[in-house]
Amino acid sequence: MLLDPAAAYPKVAVLRAALDSGDWPACRETLDGAEPVERTCLTTVAAETEGITDFLRGVLSGDPSDGAAGALLGRHLAGSGDFTAAERVLVDAAARSPLDPAIWTVRLRTARGLRLGPSEARRRYDRLAEIDRHHVPGQSQYLRYLGGHDPDAAYDFARTAAAEATPGSLSPVLVAEYHIDRHIAAGHLDDATVHTELDEAADRSVHHPDYRHTHGWVRVTSTFAMAYALIGDDRAAAGLFGALGDHHSAQPWDLLGDPATVISRYRKRATGGEQ
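These numbers come from a predicted model, not from an experiment.

> Can you tell me about the nonpolar core, naming the residues and giving the values?
Residues Leu19, Trp24, Tyr142, Phe224, Tyr228, Phe241 and Trp253 are the most contacted members of the largest nonpolar core, which totals 87 residues. Looking at which element gives the most residues to this core, the answer is helix H14 (residues 217-231), with eleven residues.

What follows is the structure, given as structure tokens:
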């Protein structure tokens, strides 16, 4: 079972190595050559890398307009729980690089961490949507924010984003994310309407002929597999487990416990014992 995202996305390992060695030109080469969603997802590498605060602050000191450094430092600080410090970095980064979706995505995360009001969270999401209407990392962050404040608004947002998404894209996973979160909070996945909505979202995403293995596909496929597994549709879950092969995403399975253990249990149930 391969839970390390670098197994599916080689650029993760490249960026890790560049950060570890303090090679900023190599970091920029990796990030600048990535597609927008891929680039935003790559910033999460900074959350997992220790001891890079001074390095990234040094990069920003040399070039305060470097949005990539701002996004990485903000994500690193947010990942360590220092949302106040992250916000200070990101406010400046957004002012200097206002069209960088990675920065606005992390600012949606800090909006949750700092418990900012709904109007400010919406302002940040709207700025992101002006740049990229279907930027799924940011959409996921905003969905989580709404889920903690207004579940009805979260539900409407997930369904609307899925309906407006390009067929075969990643954004319909928001429907699965919403229902998983509500199941964790209130255990409501036994509703037939939920199953129908999952089917409709999957048909626009993981089951669509235009679905591609772009950055994020493992987590999206894993999320749909988890939602179907929780609802008891073993056939649908088994198909998605098969599509994943050895690749898996720790999230959102970590909501249920140790990811490897939980995935193995549900995969075994869905596939009749086959691994």
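Moving on from the coordinates now.
> Just give me the short version of helix H5 (residues 53-62), but keep the residues and values in it.
Taken together, the buried positions of H5 are Leu56, Val59 and Leu60. Taken down its axis, H5 places every buried residue within 95 degrees of arc, on the same side. Residues of H5 that are exposed and point more than 90 degrees away from the buried face comprise Asp54, Ser61 and Gly62. Turning to H5, the residues buried within the fold contact helix H1 (10-21), helix H2 (24-32), helix H6 (67-79) and helix H7 (83-96).

> Please provide a residue-by-residue account of the confidence of the model for the chain, values included.
Residues with a pLDDT of 70 or more make up 99% of the chain, whose mean pLDDT is 95. By mean pLDDT, the top-scoring element of the chain is helix H9 (residues 118-131) (98), and the lowest-scoring one is helix H4 (residues 44-48) (92).

> Tell me about the packing of H7 against helix H8 (residues 101-113), residues and numbers included.
Where H7 contacts H8, the axes come no closer than 10 Å and their chain directions differ by 145 degrees. Where H7 crosses over H8, the two elements pack in a sense that is left-handed. Residues Phe83, Ala86, Glu87, Leu90, Val91, Ala93 and Ala94 of H7 touch H8, and the partners they reach there are Ile103, Trp104, Val106, Arg107, Arg109, Thr110 and Gly113. Here the residues of the contact of H7 with H8 are counted per class, giving nine nonpolar, two polar and three charged.

> Break down helix H13 (residues 192-203) for me, with residues and values.
The end-to-end C-alpha separation of H13 is 17 Å, in line with the 16 Å expected for twelve residues at 1.5 Å each. All of the buried residues in H13 are Val194, Glu197, Leu198, Ala201 and Ala202. Projected down its long axis, H13 carries its buried residues within an arc of 135 degrees, all on one side. Where the residues of H13 are buried, they touch helix H11 (151-164), helix H12 (173-186) and H14.

What counts and what doesn't
Residues numbered from 1 in each chain as written. Predicted model: local features only at pLDDT ≥ 70, side-chain atom pairs only at ≥ 80, totals over all residues. Heavy atoms only, no water. Core = buried A, V, L, I, M, F, W, Y, C linked by side-chain atoms within 4.5 Å. Buried < 20%, exposed > 50% of the residue type's maximum accessible area, 1.4 Å probe, protein only. Helix = DSSP H or I, 4+ residues; strand = E, 2+ residues; numbered from the N terminus. Arc of directions from axis to C-beta. Contact = heavy atoms within 4.5 Å. pLDDT = per-residue confidence, 0-100. Axes fitted to C-alpha atoms, helices over the stretch in contact; angles between N-to-C directions. Left-handed = near helix turned anticlockwise from the far one by under 90°. Nonpolar A, V, L, I, M, F, W, Y, C, P; charged D, E, K, R; others polar. Expected span 1.5 Å × (residues − 1).

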